[in-house]
Every structure is written in structure tokens, then in C-alpha cells.
Amino acid sequence: MENPFNDEYFMKKALQEAEVAFDKGEIPVGAVIVVKDRIIARAHNLTEMLNDVTAHAEMQAITAAANFLGGKYLKDCTLYVTLEPCQMCAGALYWSQISKIVYGARDEQRGCINLNTKLHPKTTIEGGVLESEASQLMKQFFIEKRNLN
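Residues numbered from 1 in each chain as written. Predicted model: local features only at pLDDT ≥ 70, side-chain atom pairs only at ≥ 80, totals over all residues. Heavy atoms only, no water.

A. Looking closely at the pattern of salt bridges. On inspection of all chains with the given rule, the structure shows three salt bridges. Ionic pairing is found between arginine 106 and glutamate 84, a salt bridge with its closest N-O pair at 2.7 Å. Of the two residues, arginine 106 sits in the loop between β4 (100-105) and β5 (124-126) while glutamate 84 sits in the loop between β3 (78-83) and α4 (87-96), which places them 22 residues apart along the sequence. For arginine 106, a relative accessible area of 28% puts it in the partly exposed group. The network of salt bridges with common partners includes Asp7, Lys100 and Glu126. (Salt bridge = Lys/Arg side-chain N within 4 Å of Asp/Glu carboxyl O. Helix = DSSP H or I, 4+ residues; strand = E, 2+ residues; numbered from the N terminus. Buried < 20%, exposed > 50% of the residue type's maximum accessible area, 1.4 Å probe, protein only.)

B. Just helix α1 (residues 7-23), in detail. If you check α1, its first and last C-alpha atoms are 24 Å apart, about what 17 residues at 1.5 Å a residue would give, namely 24 Å. For α1, the capping residue at the N-terminal end is asparagine 6, with a side-chain oxygen 3.2 Å from the backbone nitrogen of glutamate 8. Where α1 ends, the next residue or the one after it, glycine 25, has phi of about 80 degrees, a positive value. (Expected span 1.5 Å × (residues − 1). Polar contact = N/O pair within 3.5 Å; in protein donor to acceptor, adjacent residues only side chain to side chain.)

C. Inspection of the side chain of threonine 123 at higher detail. Following the sequence through the fold, threonine 123 ends up in the loop between β4 and β5. What makes threonine 123 buried here is its relative accessible area of 12%. A polar atom in the side chain of threonine 123 sits 2.5 Å from the backbone oxygen of isoleucine 98. Contacts of threonine 123, omitting those with residues within four sequence positions, involve Gln97, Ile98, Ser99, Lys100 and Ile101. (Contact = heavy atoms within 4.5 Å.)

And the structure:
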């Protein structure tokens, strides 16, 4: 029997978080952190609500996961995030020593890959999981934002 807990399953959970952000008027990025097929942290962007430029979904998820685990390192954990992490988030992920990052949509302008941001040597990264769903949500957000202004 195939394990139902795969990358798409967890990315759908991250997309649910992105939809919460969307509904709050936040840029729709969602994240979950998983260890042994168990979600230990869920988060979405809160930059507008908290008036804090560092309140990205990844940063919120890192803090929640570290609190859950009782330590600052996220070894053996996987981050599922709907948008490729920016440099700031990639830096925090480096220091957390997270084992794996799985993202949905690319961020061609600010993403860590194009900017050659270093990740921890033991961290693997995989992109494009449910990319069209993540991209569509982001596009819809900015279409609606432009129409309101």
C-alpha cells in the first residue's frame, strides 16, 4: 500500500495555509514543517497583521517547529512551502539545519535559487510540487489587489 503522506499531501496542507493568508489580505504563502509524516508546525504570512517584514510563513513555521521540538535545530524535518524561500528565509533555514525544503512555485526575482543563497550542506531542496496551484493563488491575489487600488 502506498504511503498517503507524500510531498503532494503535505503541499496541499501548505496551500491551505496560503489560502488563510489570502483571506486575511496577506501575500498567500503557506508553510508546514513535517517530521516522520507528522505536521509539527503550520504557518502563513503575517507581515501585514504583525506589521513585521520578517513575519514570513517560513519564519513563523521555523519558530513553531523549534518550540514543538524544544530545540533550535530542525534535523530530520521537511519544510513544505508554497513559494520558493527568499534570502532571509533561506538564511534562517540554513541556521536551523533543516533536512529538506520542498516548495511549490518559483520566485524568479527574490527566490533563494536565482540569488545563489547558500543552504546548509545537508539540506536538500526540491521545487515544483503543486506549482500551478501555488502560482495560481499568488496570481489571483495580485489581480485582486490591483483591482482594489
